[in-house]
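# Observations on the model geometry
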Amino acid sequence: MSEGRPDKPTLTTNPFPPGWARSGAASPPLTIGGAEAPPPRVKRAGDPSGWKKTWRYGLGVLTMLFRRPVVRRMPLHLQLEVTDACNLHCTTCSRDLLVHKPALLSEPLWKKMIDEMRPTNINVSGIGEPFLHPNIFEIIRYAKGRGAAVNCATNLTRVKGRHREIVESGIDQLKVSIDATDAETYRTIRGEDYFEQIKDNIREIVRVRDELGATTPSIRFNFALQCFNYRQAPDLVDLAAELGVDGIYYQFLAYVDMEGRKAMLTNVMTRESLQAALDEAGLRAKRNGILTNLDMWRRDVEIFWNNMQPMSEYKPNKKQCYFPWISAWLGADGWVRPCPIMPWTLDEGRMGHLGKQSFAEIWNNERYRELRAALMRGERPTRSCKTCYPQDLYNIISIKAKLLP
Ligand SMILES: C[S@@+](CC[C@H](N)C(=O)[O-])C[C@H]1O[C@@H](n2cnc3c(N)ncnc32)[C@H](O)[C@@H]1O
Ligand code: SF4
């Protein structure tokens, strides 16, 4: 555990600079560009429901196809890190290197972001556990009331007595990080004995959902593949079928600042044995009607395997990045970042602070324009970018169609 991080996170509201909860200096502009020119105007975003939502999706696809340094429309997708506090210490997670004083995203900031951006889709998640935020249900209801489809990545260990509230909040999807098909493996990877409780929580949410005749939330498993669990990839399909879970996202090890841990987490796993486990998982998923991202694995297994190796063996991939055109990330510390990858470093991707500027001012500021221009030239301008597997158009559309609301 790193110095300064309390055993049990104490939650503090973290208003505005100076003195960020997440330490490290803000990244400098990507090139020296002198005084910033006033940012180009961004069109106001309308209500993201009904035909207007379809219209915005269409414009989003065009924005991705014709990438430009300046984007005059609001992004479709928002990732909202409501807190960077967490109650677990997972093997894969470098949170202990990044967060020294956990923070809560304050109400003025989450309201400002949702109201200004009017996203079609919100992913409530980040480095911490969203259900530790005391106003999590208010945030979900607010986002739903503004027309967004809302999903949340959660360890589902902090929802006791709140199953009905989850269903009634209208949240569209829970992405439950499970990482194991038995209690012992769960404890090895996630550090605590919550396996049975998580299964009970899923059963109860499904029961309440059915009782209320609701169609949401759908439930998806997240499974971060590593040497401790990869042989369980097929059994996870059976567990999903048993619990009424609709989909599975098999995640490869990512994030640049945890390179030191990758060798330990891949360890005895070989590419062939991983591939065999995923092939078997694919067969079982087909039999059980469980949706997965295994098509991504079939297309890009070389890249994923390479990503799971230590830096010394890393070979850059040629994938195009679309995130800074269609998505934005708001951290519990109030900084807007361009994608879900850069927050996993101390120093990269702080594009602007929402407590000081409007989102429209940040969205086309010099940092954003430089980042987009560099990506358009085929460069990978940051450490995060250099080791990233950016989702290409095929993945964005196929994941959205199968595994997201
Ligand atoms: C960081 S957690 C935050 C949300 C919540 N606390 C949870 O456990 O789902 C979001 C997801 O990232 C995954 N994750 C953590 N570290 C990772 C890594 N190094 N590579 C890939 N996925 C990782 C987790 O397993 C989890 O599914
Ligand atoms: S290449 Fe990766 S790290 Fe860089 S902006 Fe795109 S998604 Fe983020």
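The text that follows walks through the structure, step by step, so that each part is easy to find.

Spatially, the 10 strands line up as an open sheet ordered β9-β8-β7-β6-β5-β4-β2-β10-β11-β12, and their pairing is mixed. The sheet is open, and its two borders are formed by β9 (291–292) and β12 (352–353), each paired with just one other strand. Direction of pairing for strand β11 (residues 335–337) relative to β12: antiparallel, over a ladder of two bridges. Of the residues in β12, the one forming a bridge with Val336 is Gly352.

Near ligand 1 there are 18 residues, and of these Thr92, Asn155, Ser177, Asn222 and Ala224 occur at the shortest range. Listing elements by their share of the shell around ligand 1, those giving two or more residues are β5 (149–154) and β7 (218–224). Classifying every residue of the shell around ligand 1 by side-chain character gives nine nonpolar, seven polar and two charged.

Around ligand 2, the neighbouring residues are Cys321, Phe323, Pro324, Pro338, Cys339, Ile341, Met342, Thr382, Ser384, Cys385, Cys388 and Pro390. Looking at the shell around ligand 2, the elements that each hand over two or more residues are α12 (323–326) and α15 (383–386).

The next thing to look at is helix α14 (residues 366–376). Given 3.6 residues per helical turn, the α-helix brings residues three or four places apart onto the same face. Inspection of α14 places Arg367, Tyr368, Arg369, Leu371, Arg372 and Leu375 among the buried residues, and these make up the whole buried set. If you follow the buried residues of α14, they end up packed against α12 and α13 (359–363). A positive phi of about 85° marks Gly378, the residue just after α14.

We now examine the pairing of β5. Counting buried residues in β5 gives six out of six residues, a clear majority hidden from the surface. Judged by which residues are buried, β5 turns out to be covered on both faces: Ala149, Asn151 and Ala153 on one side and Val150, Cys152 and Thr154 on the other are all buried. The parallel pair strand β4 (residues 121–124) and β5 is bridged by helix α4 (residues 136–145), and the resulting crossover is right-handed. Bridging between β5 and strand β6 (residues 173–177) involves four bridges; their strand directions are parallel. Its bridge partner lying in β6, Cys152 is registered against Leu174. For the segment spanning β5, helix α5 (residues 163–168) and β6, crossover handedness is right-handed.

Criteria and thresholds
- Residues numbered from 1 in each chain as written.
- Chains lettered and ligands numbered in written order.
- Predicted model: local features only at pLDDT ≥ 70, side-chain atom pairs only at ≥ 80, totals over all residues.
- Pairing = 2+ DSSP bridges.
- Helix = DSSP H or I, 4+ residues; strand = E, 2+ residues; numbered from the N terminus.
- Near = placed C-beta within 6 Å.
- Nonpolar A, V, L, I, M, F, W, Y, C, P; charged D, E, K, R; others polar.
- Buried ≥ 20, exposed ≤ 12 C-beta atoms within 10 Å, placed from the backbone.
- Contact = placed C-beta atoms within 7 Å.
- Right-handed = clockwise from strand over helix to strand, strands pointing away.

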